[in-house]
Amino acid sequence: MHRLTAPPQGSNEIFSANQLRLCSALPKVELHAHLNGSVPESTLRELAESRQLDAGACVMLQRGDRSLSNCFKLFDLIHQLTTTHEVITRISREVIISFQEDNVVYLELRTTPKNRPECSMTKESYLQAVLAAVDAHEHQSITSAEHGICVRLLLSIDRRESSEQAWQTGLKLTLHAAEVYAPLETHAILDLLPDRLGHMCCLDDDLEAKLLGSRIPVELCLSSNVITQSVPTYPEHHFATLYHKGHPVALCTDDSGVFATTLSRESYW
Ligand SMILES: [Zn+2]
């Protein structure tokens, strides 16, 4: 993907608190949010403390350190904490509430159905635990005076799984692609004509032309791409290229808990 030549203007300092307030006040749509990665920091800290797990990770949470290696440690911590159906329902509920508090009015959460026999959890029971939170929240929204949030669930397929396991899950299709430069895989993904794509950071001219020709909407996650080093800096992010070429894009958070962001912040970069 071509890089921008505009002067850097992505740093926090340049933007005023007013701009962030404006972005916070706007009703927003989130199309790319992983359940586990979006768990609010306060929830993780409470769960970690109650389980007396990994004191180092709790300290890291308190410091708010989001270096790449710490983000990976956080994903490990979340995996260790999400071992019961009660916790799955709780994190699902608190993730929905955190997006609602950021004025998100339509949320597509995504998660991989998990088969964890050591926790007496099947893919079905895992999903029931997530859906319990979605259904409870929908019911509460209908009966409360507050503005509601419409929540939909996307079922993720881990690319390390077999195609047989993938077929157990597949519905409509949105695919992560080109977080690293992998032209053969990215061509194959574009040939599949999925309904949406996520990221699409590392494209050569051929792939870029193919993407633009496809008109497939792309979910763009700026902080995630910069922290995980798929894109070097905010000003070099391909959002501007796609946006200026009129390609359909949506700003998204990816893992708001792990990357310490909100959809308002992503809109304000
Ligand atoms: Zn993602």
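Nothing here was measured: the structure is a model prediction, and the numbers come from that model.

Caption draft 1: A look at the nonpolar core. Ranked by size, the top nonpolar core spans 33 residues in total, and within it Leu-35, Ile-96, Phe-99, Leu-107, Leu-109, Tyr-126 and Ile-149 carry the most contacts. Elements supplying a minimum of two residues to this core: helix H2 (41–50), helix H4 (68–81), helix H5 (85–101), strand S2 (104–111) and helix H6 (123–143). If one sorts the elements of this core by residue count, H5 sits on top with six residues. Among all residues touching Phe-99, those that are not within four sequence positions of it are Glu-30, Ala-33, Ser-38, Val-104, Leu-107, Ile-149, Thr-253 and Ser-256. By size, the runner-up hydrophobic cluster in this structure holds 14 residues, among which are Leu-175, Leu-211, Ile-216 and Val-218.

Caption draft 2: Molecular detail of the coordination of the zinc ion. Within the protein, the atoms that donate to the zinc ion are His-32 (NE2), His-34 (NE2), His-176 (NE2) and Asp-254 (OD), at distances of 2.1 to 2.2 Å. The coordination sphere of the zinc ion comprises four donor atoms, whose angles at the metal cover 79 to 172°; the geometry is irregular. For the zinc ion, the single-chain donor residues occur in sequence as H-x1-H-x141-H-x77-D. Among the residues examined, His-32 registers a relative accessible area of 0% and is labelled buried.

Caption draft 3: A look at unusual backbone geometry. Unlike most non-glycine residues, Met-200 shows phi in positive territory, near 55°. With respect to the helices, strands and loops of the structure, Met-200 is situated in the loop between strand S5 (196–199) and helix H9 (205–214). Phi at Asp-254 takes a positive value of approximately 75°, unusual for a residue other than glycine. By the element assignment, Asp-254 lies in the loop between strand S7 (249–251) and helix H12 (263–268).

Caption draft 4: View of the environment of Phe-75. Relative to the elements of secondary structure, Phe-75 occurs in helix H4. Overall, Phe-75 belongs to the partly exposed group, its relative accessible area being 29%. In this structure, the C-alpha to C-alpha distance between Phe-75 and Gly-37, residues 38 residues apart in sequence, is 7.0 Å.

Caption draft 5: Main features of the pairing of strand S1 (residues 28–34). Of all seven residues in S1, six are buried; the element is thus mostly enclosed. As judged from the five bridges shared by S1 and S2, these two strands associate in the parallel manner. Across the sheet, Lys-28 pairs through a bridge with Val-104, a residue of S2.

Here is what the cut-offs are and how they apply
- Residues numbered from 1 in each chain as written.
- Predicted model: local features only at pLDDT ≥ 70, side-chain atom pairs only at ≥ 80, totals over all residues.
- Heavy atoms only, no water.
- Core = buried A, V, L, I, M, F, W, Y, C linked by side-chain atoms within 4.5 Å.
- Buried < 20%, exposed > 50% of the residue type's maximum accessible area, 1.4 Å probe, protein only.
- Helix = DSSP H or I, 4+ residues; strand = E, 2+ residues; numbered from the N terminus.
- Contact = heavy atoms within 4.5 Å.
- Donors = N, O, S within 2.8 Å, 3.2 Å for Na, K, Ca; no water.
- Tetrahedral: all angles 85-135°; square planar, octahedral: opposite > 155°, others 65-115°.
- Pairing = 2+ DSSP bridges.

Keep in mind these values describe shape, not function.
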